[in-house]
Amino acid sequence: SYKELDARAAHIAQYLLRLGVGPGSFVPLCAERSLSLVVGVLAILKTGAAYVPVDPTFPPAHTRRVFEDCQPQVVLLQRRFSERLPVTTAKMIAIEEVSRDGAAPPHAGNPRDIACVMYTSGSTGEAKGALIDHRSLVNNILWLQDNWPLDASDAMLQKTPFTFDVSIKELLWPLATGARIVFARPGGHLDMRHLARLIADRGVTVAHFVPSMLQRFLDAPVAQLCQTLKLVMCG
């Protein structure tokens, strides 16, 4: 439920605040597509800090570059990925191990604080971080909602790796409107049969595809199962 999600994120945010995390901080988040992922994102945002997506499947050299660039004091992660991360002086915090004690954190920060840092792949040089502030993030979500209103009857498919900016829409737009998030299994964003069955079984109404993936999806016979879709975004 929204209440349970908010409470869990608030407890982790309180813990991060006690460690000195706040506006101006950059907190790498290493997690696979799961409930822990969205809890981690919300917890970091509640402190006023910025979350920095770290894909546990990315090459160690890329992650090392990200850590060197953002100089984190804290890293939030799912415990099983701790051995995949480079050596760092930052404190490692396992999402699933944070105590549930403590009050909800105060609202922190302002619209111009950085909410998220998305790093490029580094395929043409060193990875570079694009800074997204809270004002821009909220502006985009409100624009989406003005044009394609969601409500509690809707379900958004979350399949984009959270190292890409489309994931922000998939995670936060439904949560801002009372809708549901339906997670594709880790790695499942490339499996058209999995996506189609998930859309059909969970009543997904909204999904986003890049053009090449949308063509693959439409060419798959199982796409005919997806009768609940009412909005497919492509870009």
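Residues numbered from 1 in each chain as written. Predicted model: local features only at pLDDT ≥ 70, side-chain atom pairs only at ≥ 80, totals over all residues. Heavy atoms only, no water.

> Help me understand the packing of helix α2 (residues 35-47) against helix α5 (residues 166-175), please; the structure alone is not making it clear to me.
Between two packed helices, the angle of one axis relative to the other and the distance separating the axes together describe the packing. Contact geometry of α2 with α5 gives a least axis separation of 11 Å together with a crossing angle of 75°. In terms of their interaxial angle, α2 and α5 are classed as roughly perpendicular. For the pair α2 and α5, contact is made by Val38, Val41, Leu42 and Leu45 and by Leu171, Leu172 and Leu175, respectively. Classifying every residue of the contact of α2 with α5 gives seven nonpolar, no polar and no charged. (Axes fitted to C-alpha atoms, helices over the stretch in contact; angles between N-to-C directions. Helix = DSSP H or I, 4+ residues; strand = E, 2+ residues; numbered from the N terminus. Parallel < 35°, antiparallel > 145°, perpendicular 65-115°, else oblique. Contact = heavy atoms within 4.5 Å. Nonpolar A, V, L, I, M, F, W, Y, C, P; charged D, E, K, R; others polar.)

> What am I meant to see in empty space enclosed by the protein here?
The gaps of empty space that remain are located by a probe, the size of a water molecule, rolled over the atoms. Tallied over the full model, the rule gives one cavity of 30 Å³ or more. Taken as a whole, the largest cavity spans an internal volume of roughly 70 Å³. Considering only residue class, the lining of the largest cavity consists of seven nonpolar, three polar and one charged. (1 Å grid on protein atoms, 1.4 Å probe; cavity = no way out; pocket = protein on both sides within 12 Å on 5 of 7 lines; lining within 4 Å. Points joined across faces, edges and corners; volume = space filled by probe spheres on them.)

> Which parts of the structure should I look at to understand the packing of aromatic side chains?
Enumeration over the complete set of coordinates arrives at two aromatic pairs. Centroid distance Trp143 to Trp148: 5.4 Å. Interplanar angle 85°. Geometry classified as edge-to-face. Judged by its relative accessible area of 30%, Trp148 falls in the partly exposed class. Over the aromatic face of Phe209 sits the side chain of Lys159, whose NZ or CZ is 4.6 Å from the ring centroid. (Phe/Tyr/Trp six-rings, centres within 6.5 Å; stacked < 30°, edge-to-face > 60°. Buried < 20%, exposed > 50% of the residue type's maximum accessible area, 1.4 Å probe, protein only. Lys NZ or Arg CZ within 6 Å of the ring centre and 35° of its normal.)

> What should I look at first to understand the layout of surface pockets in this one?
Approximately 460 Å³ is the volume attributed to the second largest pocket. Residue lining of the second largest pocket: 19 residues in total, with Ser1, Leu5, Leu35, Val38 and Phe183 positioned closest to the centre. Breaking the lining of the second largest pocket down by element, the ones donating at least two residues are α1 (2-18), α2 and β8 (180-183). Along the lines of polarity and charge, the residues of the lining of the second largest pocket split into 11 nonpolar, two polar and six charged.

> Hey, could you run me through the side chain of Lys169 in this one?
Here Lys169 lies in helix α5. Other than its neighbours up to four places away in sequence, Lys169 contacts Leu144, Met156, Pro174, His208 and Met233.

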